[in-house]
Amino acid sequence: MEFNIINPKTKSELLKTIRKEKHFRFGAGCTDLLMELKKNSDEGLTVINLSQVKDAQFNGVKKSAKGIRLGAMLTAHQIVMNEDIKNNFPVLHEAALSLASTQIRQVATIGGNLCTASPSGDMACALVTLEADCEILGANGKARTIPITDFFTGVRKTALKKNEVLYGIFIPSKKKKVKNITSRFIKIGARRSMECSVVSLAYHIQTDETGKIIHAGVAIGASAPTIRFAKSACGFLIGKKFKNISQREKEEFAGKVLSYASPITDIRATAWYRKEVLFNISKAIFE
Ligand SMILES: Cc1cc2nc3c(=O)[nH]c(=O)nc-3n(C[C@H](O)[C@H](O)[C@H](O)COP(=O)(O)OP(=O)(O)OC[C@H]3O[C@@H](n4cnc5c(N)ncnc54)[C@H](O)[C@@H]3O)c2cc1C
């Protein structure tokens, strides 16, 4: 495995490097990239190391009345430690905490988790649930923003163009009149750590003071070529009382979630098993 490394130190150095280099890949925490390059070496490759870029928007968190903006270079560890995320978006806190191991979480970034576009990406699944937007920076310094569901275009494929870098992620804040949030990340894997999901379910459900559901986000991971937002399952919940969902309604909800799944059989699990698990964990979120 041989490659050149360039270490831009500022945003303008980064953009200049992107404009100059012809055959390159970005490296953030490099936890995925190095595994990939070990398997398939790429002659003459330059890795543009993003981890040395000093830029508050790339590395920081900014809260506003509209929501919270996360720099793409925030690590899973930084996400876990952030109190705003823990209190307002528990699904993302839990997803970051479930990623790999303590050591990997120190370097693995949220941007890398999105850009690697694995169907089992944990933070990516939570961000789909939260209906986040992706802020993408072009080599000319211009930014464009797209909904996260448009960001994933296939297995390990994204909407990023060759000369674009993921710069930040924006999560909209809770709806008006919200009294309670039920927000969880459920990861089913063969082991508790160092294991990618066999199936995952992320949900972020907002209720008013009467317990009525006024907004719902539900996403599934490792169940289709891309992480999927279960729109009809979310719509089904609106107006219902979270604590009064009947058995029949739980099953109808789980069936709607399942309709977004088209899993494969691989060495980790069969398609049948993934569907069974997904149906059962979906049904159980109200218990
Ligand atoms: C042992 C092990 C266990 C793991 N367990 C889990 C797990 O439990 N859950 C999970 O979700 N993942 C897991 N992973 C995968 C990986 O750690 C995560 O996906 C991680 O978040 C990737 O982030 P990174 O910063 O290391 O990305 P990198 O490896 O640096 O990059 C990944 C890809 O994204 C591109 N990229 C990175 N940042 C940007 C950017 N800002 N703009 C444009 N392109 C970019 C790179 O070019 C590369 O193609 C595991 C990996 C290993 C090795």
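Structural data are supplied above this passage.
Quick summary incoming for the structure in this document.

Calculation rules
- Residues numbered from 1 in each chain as written.
- Predicted model: local features only at pLDDT ≥ 70, side-chain atom pairs only at ≥ 80, totals over all residues.
- Axes fitted to C-alpha atoms, helices over the stretch in contact; angles between N-to-C directions.
- Helix = DSSP H or I, 4+ residues; strand = E, 2+ residues; numbered from the N terminus.
- Parallel < 35°, antiparallel > 145°, perpendicular 65-115°, else oblique.
- Left-handed = near helix turned anticlockwise from the far one by under 90°.
- Contact = placed C-beta atoms within 7 Å.
- Buried ≥ 20, exposed ≤ 12 C-beta atoms within 10 Å, placed from the backbone.
- Near = placed C-beta within 6 Å.
- Nonpolar A, V, L, I, M, F, W, Y, C, P; charged D, E, K, R; others polar.
- Pairing = 2+ DSSP bridges.

Thoughts on the packing of helix H12 (residues 247-258) against helix H13 (residues 271-283)
For any two helices packed against each other, the geometry comes down to the angle between their axes and how far apart the axes lie. Look at H12 against H13: their axes get within 8 Å of each other, and the N-to-C directions meet at 135°. Overall, the two elements H12 and H13 adopt an arrangement that is oblique. In this structure, the crossing between H12 and H13 has a hand that is right-handed. In this structure, H12 uses Lys250, Glu251, Phe253, Ala254, Val257 and Leu258 to contact H13, whose residues at the interface are Lys275, Leu278, Phe279, Ser282 and Lys283.

Regarding helix H9 (residues 122-129)
Most of H9 is tucked away, with 8 of its 8 residues classed as buried. Burial in H9 covers these residues: Asp122, Met123, Ala124, Cys125, Ala126, Leu127, Val128 and Thr129. Two residues or fewer after H9 comes Glu131, characterised by a positive phi angle close to 55°.

Structural notes on the site of the ligand
Within the structure, the ligand sits among 30 residues, and Ala28, Gly29, Gly112, Asn113 and Cys115 are positioned closest to it. Going through the elements one at a time, strand S2 (24-27), helix H2 (33-39), helix H8 (110-115) and strand S10 (165-172) are the ones with two or more residues in the shell around the ligand. In terms of residues, the shell around the ligand owes the most to one element, H8, which gives 4 residues. Along the lines of polarity and charge, the residues of the shell around the ligand split into 17 nonpolar, 9 polar and 4 charged.

Re the pairing of strand S12 (residues 199-207)
Across the 9 residues of S12, 9 count as buried, placing the element largely inside the fold. Burial of the side chains of S12 extends over both faces: Val199, Leu201, Tyr203, Ile205 and Thr207 are buried on one face and Ser200, Ala202, His204 and Gln206 on the other. By the bridge criterion, 9 bridges tie strand S11 (residues 180-188) to S12 in an arrangement that is antiparallel. Within S12, the position partnered with Thr182 by the bridge is Ile205. In this sheet, strand S13 (residues 213-221) lies alongside S12 in antiparallel orientation, the contact comprising 8 bridges. Residue pairing in the sheet places Ser200 in a bridge with Gly221 of S13. In this structure, the hairpin formed by S12 and S13 is closed by a connection of 5 residues, where Gly211 is found at a positive phi of approximately 90°.

Some points on the sheet that holds strand S1 (residues 4-6)
Taken in spatial order, the 3 strands of this open sheet run S1-S3-S2, and their pairing is parallel. This sheet does not close on itself; its edge strands, each paired only once, are S1 and S2. Neighbour-to-neighbour, the strand axes of this sheet turn through a mean angle of 30°, independent of strand direction. Bridging between S1 and strand S3 (residues 46-49) involves 3 bridges; their strand directions are parallel. Residue pairing across strands places Ile5 opposite Val47, the latter belonging to S3.

Quick notes on the environment of Leu14
Inspection of the secondary structure puts Leu14 in helix H1 (residues 11-20). By the C-beta count within 10 Å, which is 26 here, Leu14 ends up buried.

Some words on the sheet that holds S10
Strand order in the open sheet formed by 5 strands is S4-S5-S10-S6-S7, and the pairing between neighbours is antiparallel. Only two strands of the sheet have a single neighbouring strand rather than two, namely strand S4 (61-64) and strand S7 (143-147). Across the sheet, the mean angle from the axis of one strand to that of its neighbour is 20°, orientation sign disregarded. In this sheet, strand S5 (residues 67-71) lies alongside S4 in antiparallel orientation, the contact comprising 4 bridges. Directly across from Ser64, in S5, lies its bridge partner Gly67.

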